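Chain by chain, the residues run as shown.
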Amino acid sequence: MTVSVDVLILGAGPAGLSTALHLTQVCPRLTPSVLILDKARHPRPKLCAGGLVADAEILLQRLGLDVREVPHMDSLAAHFDFAGRGLSVRVPKRHALRVIRRDEFDHWLAEKAKSRGLEIREQVTVKDVRPDSDGVTVITDAGEFRARLVVGADGSNGVTRRCVLPNAPVHTARVLEVLTSTESVVAGSNDRRKQAAFFDFFVVPRNIAGYVWDFPTQVQGEPMRCWGIYDTNLLAGESRPPLREPLAEEMSRHGYALNQHELKGHPIRWFDPFDPISVPRVLLVGDAAGADPLFGEGISIALGYGNLAAREIKRALETNDPSFSKYRRHVLASPLGGTLIARWLIANFIYTLKWKWFQVLLWRGLKPVVILTAWTVVLNWARRLPIPK
Ligand SMILES: Cc1cc2nc3c(=O)[nH]c(=O)nc-3n(C[C@H](O)[C@H](O)[C@H](O)COP(=O)(O)OP(=O)(O)OC[C@H]3O[C@@H](n4cnc5c(N)ncnc54)[C@H](O)[C@@H]3O)c2cc1C
């Protein structure tokens, strides 16, 4: 038997849950006819360093949610370095970065969605998405679903984009991550790094268009470090070392041995302003639409897409126009679009100017310019999104 609803959201990560939570605020009477499907069951593992910038917290607060309920670790400073030296950022009276674990954060968000009357069907894997002139048929391993509108929130490897936009260009970053204890074999190393997050861009002159990170985190209350390497693939045509090599090198500089830990990888689909993000009756949010190309930061971005998608769905239902023909334009013209375009431009600029002298100048010599740019066009966009009501 086919299950029919008004809005079907494919994926219960931050993008899908944010879309659903915003819908309960902008269009409360729709709540009983919104259904969220996910192939996993929360709490589910999700490879992610879990760094939450202030914009993510603002979007959650505006949904009436307090992320401090989720176990977290705060980074009081964030360092942006080239080969161990660069600039350090502190935010007066608050943390620079809050770090959560995604199994806990996404589970918490899913419980909040349920408590607001939203239905999530877990362990349902979407296989195909087929829009037609009257609605959308979604084929899953648990039967067929039919909806007036569908939201593709199934992440970087999701099926929605592949089904509805099979020929659209794909831009993906390579990302590796490893968790370690805080015990470094280099005496004193951990004390300095304990409460700080590090981004090191020494990999750029080696044709890896990204950085190595090292964040404080916790796993079941136990303090840990989360290390990783991000490569936008913007220099994919050049000769590059295997991605794990510079990560191992950076970890060993701080007294950690990569080969003693489990290394995991996952791609991040990143945003390009020219990519399509909807077809009639189906729109994409979160990684399915495109995360931040500059840092691969996608949690605040996913939450922001939810704000805009809910508004777009409300408009489509009120005007009886399910074409979503203006969705991309509305995203690009929004504060979320503003930060994504800025990050796309900056990534294309700083990762392709890969000379060592330029990277040294950027991270060590141009502190006021970098901080001003970060403050004005990379961060502080969420406050300018419309308030959900
Ligand atoms: C190693 C790594 C480190 C990262 N670190 C950070 C960080 O520190 N800070 C940050 O902001 N971002 C980070 N990111 C990016 C961030 O994880 C993503 O941008 C974010 O998860 C996007 O949210 P989403 O809801 O779009 O997708 P997801 O979180 O991927 O959620 C998609 C959901 O869809 C479900 N799904 C997928 N396919 C199907 C299917 N066929 N049927 C049904 N359900 C399906 C999945 O089970 C999942 O629950 C990192 C990413 C990686 C890979």
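Please read these numbers as outputs of a predicted model, since none were measured by experiment.

Enquirer: Would you mind showing me how to read the overall build of the chain here?
Expert: Scanning the chain for helices and strands turns up 11 helices and 19 strands. Over its C-alpha trace the chain gives a radius of gyration of 21 Å, about what one expects of a compact globule, namely 21 Å for 389 residues. The buried share of the chain, reckoned over its 389 residues, is 45%. Put simply, 75% of the contacts in the chain that link residues at least 6 apart link residues at least 24 apart.

Enquirer: Help me understand the site of the ligand in this model?
Expert: Within the structure, the ligand sits among 38 residues, and G11, G13, G155, G286 and G298 are positioned closest to it. Elements with a contribution of two residues or more to the shell around the ligand: α1 (14-26), β12 (172-180) and α7 (299-319). Each of domain 1 (3-72 + 101-169 + 271-384) and domain 2 (172-268) gives at least three residues to the shell around the ligand.

Enquirer: Where do I start with the domain arrangement of the chain in this structure?
Expert: Size of an interface, as often reported, equals the accessible area lost when the parts are brought together. Split into domains, the chain comes out as domain 1 (3-72 + 101-169 + 271-384) and domain 2 (172-268). For domain 1 and domain 2, the distance between their C-alpha centres works out to 26 Å. Contacts between the two partners involve 23 residues from domain 1, matched on the other side by 27 residues from domain 2. Of all elements in the fold, only α9 (335-350) and α10 (356-365) reach the threshold of two or more residues within the side of domain 1 that touches domain 2.

Enquirer: Help me out: how do you make sense of the nonpolar core in this one?
Expert: Soluble globular proteins tend to bury their nonpolar side chains together. Formed by 114 residues in total, the largest nonpolar core has its most connected members in L8, V150 and V285. Counting residues per element, this core draws most heavily on α7, at 10 residues. The two domains that each donate at least three residues to this core are domain 1 (3-72 + 101-169 + 271-384) and domain 2 (172-268). Apart from residues lying up to four places away in sequence, V285 is in contact with A15, T19, V151, A153, A302, Y305, G306 and A309.

Reading the values: the criteria
All residue numbers here refer to positions counted from 1 along the written sequence of the relevant chain. Where totals are concerned, whole chains, interfaces and linings use all residues; where local detail is concerned, this predicted model gives features only for residues with pLDDT of at least 70, and gives and counts side-chain atom pairs only at 80 or more. Numbering goes from the N terminus for both helices and strands, where a helix is a DSSP run of H or I of at least four residues and a strand is a run of E of at least two. Note on method: radius of gyration uses C-alpha positions; expected globular size equals 2.2 Å times residues raised to 0.38. Once C-beta atoms are placed from the backbone, each residue is buried if 20 or more other C-beta atoms lie within 10 Å of its own, exposed if 12 or fewer, and partly exposed for counts between those two. Placing a C-beta atom from the backbone of each residue, one calls two residues in contact when those atoms lie within 7 Å. In this analysis, residues qualify as near a molecule or strand once their C-beta atom, positioned from backbone atoms, comes within 6 Å of it. Domain extents, as shown, originate in an automatic or database domain assignment. Each nonpolar core consists of buried Ala, Val, Leu, Ile, Met, Phe, Trp, Tyr and Cys residues. Their C-beta atoms, within 7 Å, join them into a set.

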